[in-house]
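Close look at the chain arrangement
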Amino acid sequence: MTLPAGISFSANQRVVLPARFNVAVPFIDRHLAEGRGNKLAIRTLSEDVTYVQLAERVNRTGSALLALGLKPGDRLMMVVKDCPGFFYLFWGAIKAGIVPVPPNTLLRAADYAYLFEDSGCGLVVYSQEFAAEIEPALKQVPVKALTVDAFLAKMASASDQLEARLAAPTDDCFWLYSSGSTGRPKGAVHLQRDMVVTSELYGVRVLGVRESDVSYSAAKLFFAYGLGNGMTFPLWTGGTAILDDRRPTPDTTFEIIERFKPTLYYGVPALYAPQLVALDKARRDFSSVRACVSAGEALPAEIFRRWKEKTGTIILDGIGSTEALHIFIANSLADHRPGTSGRPVPGYEAQILDEHRKPVAKGESGRLWIRAESAAKYYWNKPEKTAETMVDGWLNTGDTYRQDEDGYFIYDGRSDDMLKVGGIWCSPVEIENCLIGHTAVLEAAIVGQADENELVKPKAYVVLKPGQDAGESLTTELMSLCRSTLAPYKYPRWVEYVPELPKTATGKIQRFKLRA
Ligand code: 3UK
C-alpha cells in the first residue's frame, strides 16, 4: 500500500508531513476514501467493527467529548481495557484536538490520584472493571468521570460529523506515563507525527506489516508497545486488529490465535516462557502466524530456540521505550541474531557512550543513547527530568549496551536500579516503601533476580526490627501486603532476611552489591 496522500519519507528516512494536518485522518478516515470501509478494523470475542463503523464512532466520540465541555489541548485520562472503546476514545480525542492519556490499567488508587492531579485532566473515562481503584482516586482528586459504558451511551447520540482540528506535525498529540526509580511517573508528551514515524519505520519497513495482516498483541494497548502493535500499525496499513480484554495467559492467547488466526503475534518474554511450558503439554495451531515479536525486556536466546522448535516461527526481539514510542533497535525476518536486540531501525540512530559522553570502543559496554523522530518532546511539568533524559535531540535510554563484531546490540542491563517484570517497570523504592509499612520490618531492599526462565522478578532483602522472627508465615504476610497495595505484578517472589543492608557513606542502599 502506498503512503497516505501528503505524507512521504526522505531517502534518509525523515518524515515529510503537511504543515497543518491531523493524524486521525491518515489512520482512520483515509480508509473510507481508499475503499476499505467494509473491511474489519477490529475483532473481539464479542464484536466486529468495520472501518466505516470505526470512523463514525471516532467522530461521535470527538463530538461527545466536546459536548462534555473538553476543549482542544485538554487531557482525557482513559483508563480503558483492550476493547473497541479504547480506539474510539483515543482517536476521537485526537481528531477533536483533545490529548488522550492512557495509563497502565493495573495501578492502584493512590497512583491514579497522582495521575489525575499531575495531568490536570478534564475528564476520566474508565472501564467498570477498574472502578475499585478509580473511584477512591476520584474522591481524593475530584475530576469529572464516566465509565466507558456510560460514555458509549452518550456517544451513540452525539453528532457523527466532526471536523479534524488541524495541528503542526510537532504539536502535542497524546501522552504516555513512564516510571522512574525514584519519584513519580512522568508524562511523556508525544507529537502528532510520532505514530506515523513508528508505524512506517519499524512497522512497515522492518516488520513488513501490510494490509492483509491480522495482528494480535498480548501486550495491552496502554503499554506503548501494545499501542503500536495492537492499534497504530494495523490502522496505518488498513489491516485488522484482534483485541482481548482478559489477562493474557497461555490458555487465553492460544485460544485467540486458534480462533482468529492472526498473521502477526506480539508478546513479552514473561509470557513466551509459560506459553512454552504449555506447549510441552499440548500442541497448538500456530500455522497462521508469520512472525512473532518480543519487547519490554531482553528475550533469552534459549526461549527463542525452544519457541522455534515448538512452533516453527521465530521471535523477533527489539528494544523500544515509552519515550521513543516504539522499537528502535530490532531483529527482522531477514536479519536476526538470537540473544541480541538486533540493529538500529533505519531512521533511528544509536550510540553507546561512556560517562564523558564519548563513544566507547566497539565491543565495550556503555550507555545507550538514541536519536528518534518519534521521540517524546518533553515530560509534562518535569523540566529537570526532561533535561536529564533529552539532550541535544538525543534520548538517554538508561540502558547499558554493547555491540558484537557484526554490529548487533547486546543488552547488558540497566544503568539504574529499575526492574522490568513481565515487561512493565517496577521501581525498587516503591516496593521497599510498601515492605517498610509492615510493623516487623526495619529496612528493605529490592533487586531483580532471574527465575528458572532467566526472567527477572523482584527479590526482597529484609532487615527485621529487634525481637521480630523471620519465618515462612512472615514471608507470606509480606508478599500479600505487597500484592494488596501495589500493582499485582510488583510483589517480591522471594524474601531473604539479612542482619543489615549494604549502604554508601551517605546511607544510600547499594542494590548492586545485593545483585552480585
Ligand atoms: C527495557 C528492553 C532489553 C529497556 C517498549 C517496545 O518496554 C518498552 O517501554 P518502557 O518505557 O521500557 C523501556 C525499557 O525497557 N527494554 C525494552 N525492550 C527491551 N531491554 N531488550 C528489549 N527487547 O530497559 C528500555 O529502556 O516500558 C518496548 C515498544 C515500546 C515500548 N514502550
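Just so it is clear, the model here is predicted, and its values are computed rather than measured. (Residues numbered from 1 in each chain as written. Predicted model: local features only at pLDDT ≥ 70, side-chain atom pairs only at ≥ 80, totals over all residues. Heavy atoms only, no water.)

**Some details on the overall build of the protein**
Counted only if it meets this: Helix and strand assignments come from DSSP, with helices taken as H or I runs of at least 4 residues and strands as E runs of at least 2, each series counted from the N terminus. Only the C-alpha atoms count toward the radius of gyration. The rule for a globule is 2.2 Å times the residue count to the power 0.38. Relative accessibility thresholds used throughout: buried, under 20% of the residue-type maximum; exposed, over 50%; partly exposed, between the two (1.4 Å probe, protein chains only). Contacts are assigned to residue pairs that have any heavy atoms within 4.5 Å of one another. Note that His is not counted, nor are the chain ends; the positive residues are Lys and Arg, and the negative ones are Asp and Glu. To locate a charge, take NZ of a lysine, CZ of an arginine, CG of an aspartate or CD of a glutamate.
Within the protein one finds 15 helices and 28 strands. Radius of gyration (C-alpha) of the protein: 23 Å, near the 24 Å computed for a compact globule of 516 residues. Here the protein holds 516 residues, and the buried ones make up 59% of them. In the protein, 66% of the contacts between residues at least 6 apart in sequence involve partners at least 24 apart. Both charge centroids of the protein, one from 59 positive and one from 61 negative side chains, sit 2 Å from each other.

**Examining the site of the ligand**
Defined as follows: For each residue, the test is whether any non-hydrogen atom lies within 4 Å of the molecule or strand; if one does, the residue is near. Two N or O atoms count as a polar contact when they lie within 3.5 Å, although within protein this holds only if one can serve as hydrogen donor and the other as acceptor, and sequence-adjacent residues are included solely when both atoms are side-chain atoms. The protein chains shown are the only cover counted for residues, whose accessible areas, like all others here, come from Shrake-Rupley with a 1.4 Å probe. Throughout, the ten residues Ala, Val, Leu, Ile, Met, Phe, Trp, Tyr, Cys and Pro are labelled nonpolar, Asp, Glu, Lys and Arg are labelled charged, and all others, Gly among them, are labelled polar.
With respect to spatial proximity, 23 residues lie near the ligand, and among them Asp317, Gly318, Thr322, Asp399 and Lys420 are the closest. Within the side chain of arginine 414, one N or O atom sits 3.3 Å away from an oxygen atom of the ligand. Contacts to the ligand include tryptophan 425, whose side-chain N or O atom sits 3.4 Å from an oxygen atom. Protein burial of the ligand: of its 600 Å² of free accessible surface, 98% is covered by the chains. Residue assignment for the shell around the ligand shows that the elements contributing at least two residues are α8 (224-237), β15 (315-320), β22 (394-403) and β23 (409-414). Broken down by element, the residue count for the shell around the ligand peaks at four residues, all from β15. Among the residues forming the shell around the ligand, the class breakdown is 11 nonpolar, seven polar and five charged.

**Structural notes on the sheet that holds strand β5 (residues 75-79)**
Test applied: Pairing between two strands is assigned when DSSP locates at least 2 bridges connecting them. Lines fitted to the C-alpha atoms define the axes, with helices restricted to the stretch that makes contact. Angles between their N-to-C directions range from 0 to 180 degrees.
The sheet built from four strands is open, its strands ordered β6-β5-β7-β8 with parallel pairing. Strand pairing shows two members of the sheet lacking a second neighbour, β6 (99-101) and β8 (145-147), which therefore form its edges. Averaged over all pairs of adjacent strands, the angle between strand axes in this sheet comes to 20 degrees, irrespective of strand direction. Sheet contacts for helix α5 (residues 131-140): β5, β7 (123-126) and β8; angle to β7, the most-contacted strand, approximately 165 degrees. The strands touched by helix α6 (residues 148-156) within the sheet are β7 and β8, with β8 carrying the most contacts at an inclination of about 90 degrees.

**Focus on the sheet that holds strand β17 (residues 343-344)**
With respect to topology, nine strands assemble into an open sheet ordered β4-β3-β12-β11-β13-β14-β15-β16-β17, the strand pairing being mixed. Looking along the sheet, the strands with just one partner apiece sit at the ends: β4 (48-50) and β17. Most of the contacts of helix α2 (residues 51-67) go to β4, to which it runs at about 80 degrees, and overall it touches β3 (40-43) and β4.

**Examining the nonpolar core**
Note the following rule: Here the nonpolar core consists of buried residues drawn from Ala, Val, Leu, Ile, Met, Phe, Trp, Tyr and Cys, with membership extended through side-chain atoms lying within 4.5 Å. Each domain's extent is set by a domain assignment, obtained either automatically or from a database.
Of all hydrophobic cores here, the largest spans 141 residues; its most connected members are Leu54, Leu76, Phe87, Phe90, Trp91 and Tyr265. Here this core gets eight residues from one element, more than from any other, and that element is helix α3 (residues 84-95). Residues lining this core come from more than one domain, with at least three contributed by each of domain 1 (22-41 + 50-165) and domain 2 (427-515). If near-sequence neighbours (up to four positions away) are discounted, phenylalanine 90 is found in contact with Met78, Pro100, Pro102, Phe174, Met195, Leu227 and Met231. In terms of nonpolar packing, the next biggest core, distinct from the first, is built from 23 residues, Val99, Tyr112, Ala113 and Tyr177 among them.

**Focus: the packing of helix α1 (residues 24-33) against α8**
Rules: Each angle receives one of four descriptions, namely roughly parallel if under 35 degrees, roughly antiparallel if over 145, roughly perpendicular if within 65 to 115, and oblique otherwise. By the definition used in this description, the sense in which the near helix is turned from the far one sets the handedness, with an anticlockwise turn below a right angle giving left-handed and a clockwise turn giving right-handed.
Where α1 meets α8, the closest approach of the two axes is 8 Å, and the angle between their N-to-C directions is 40 degrees. In terms of their interaxial angle, α1 and α8 are classed as oblique. The crossing of α1 and α8 is left-handed. Contacts between α1 and α8 involve Pro26, Phe27, Ile28, Arg30 and His31 from the former and Thr232, Leu235, Trp236 and Thr237 from the latter.

**A few points about helix α13 (residues 428-436)**
Definition in use: The arc in question is the one spanned by the directions pointing from the helix axis to the C-beta atoms.
Listed in full, the buried residues belonging to α13 are Pro428, Ile431, Glu432, Cys434 and Leu435. With its buried residues spanning 160 degrees around the axis, α13 presents them on a single face. Residues of α13 that are buried in the fold lie against β25 (424-426), β26 (441-450), β27 (456-464), α14 (472-485) and α15 (511-515).

**Overview of the domain arrangement of the protein**
We count it as follows: The term buried area means the drop in 1.4 Å probe accessible area that two parts suffer when joined, counted for both and summed. The working definition used for a salt bridge is a side-chain nitrogen of Lys or Arg within 4 Å of a carboxyl oxygen of Asp or Glu.
Taken domain by domain, the protein comprises domain 1 (22-41 + 50-165) and domain 2 (427-515). Inter-centroid distance (C-alpha atoms) of domain 1 to domain 2 is 38 Å. Taken together, the four residues of domain 1 in the interface contact eight residues of domain 2. Both sides of the domain 1 and domain 2 interface together cover about 430 Å² of buried area, and 42% of this is carbon and sulfur. For the interface between domain 1 and domain 2, the tally reads zero salt bridges. Per-class residue counts for the side of domain 1 that touches domain 2 are one nonpolar, one polar and two charged.

**Section: the environment of tryptophan 494**
Mapped onto the fold, tryptophan 494 is located in strand β28 (residues 494-497). In this structure the C-alpha to C-alpha distance between tryptophan 494 and tyrosine 126, which are 368 residues apart in sequence, comes to 34 Å. Residues contacting tryptophan 494, with those up to four places away along its chain left out, are Gln449, Ala450, Asp451, Lys457, Pro458, Lys459, Ala460 and Met479.

**Digging into the side chain of serine 178**
By the element assignment, serine 178 lies in strand β9 (residues 172-178). Side chain to side chain, serine 178 and glutamate 323 meet in a polar contact 3.0 Å long. If we skip the residues at most four places from it in the chain, serine 178 touches Pro185, Lys186, Thr322 and Glu323.

**Some thoughts on the packing of aromatic side chains**
To keep it simple, the criterion reads: Ring geometry is summarised as follows: Phe, Tyr and Trp rings, the Trp one being its six-membered ring, pair when their centres sit within 6.5 Å, and such pairs are stacked at plane angles under 30 degrees, edge-to-face over 60 and tilted between the two.
A full pass over the atoms with the stated rule returns 19 aromatic pairs. Pairing tryptophan 175 with tyrosine 177 gives two aromatic rings, centres 6.3 Å apart and planes at 65 degrees, and the pair type is edge-to-face. Overall, tryptophan 175 belongs to the buried group, its relative accessible area being 2%. Take tyrosine 177: its relative accessible area is 15%, and that puts it in the buried class. Aromatic pair tyrosine 202 and phenylalanine 233: ring centres 6.1 Å apart, planes at 50 degrees, arrangement tilted. Here phenylalanine 233 lies in helix α8 and tyrosine 202 lies in helix α7 (residues 194-207), a separation of 31 residues in the sequence. Looking at tyrosine 202, the relative accessible area reads 0%, which means it is buried. Residue phenylalanine 233 is classed as buried on the basis of its relative accessible area, which comes to 1%.

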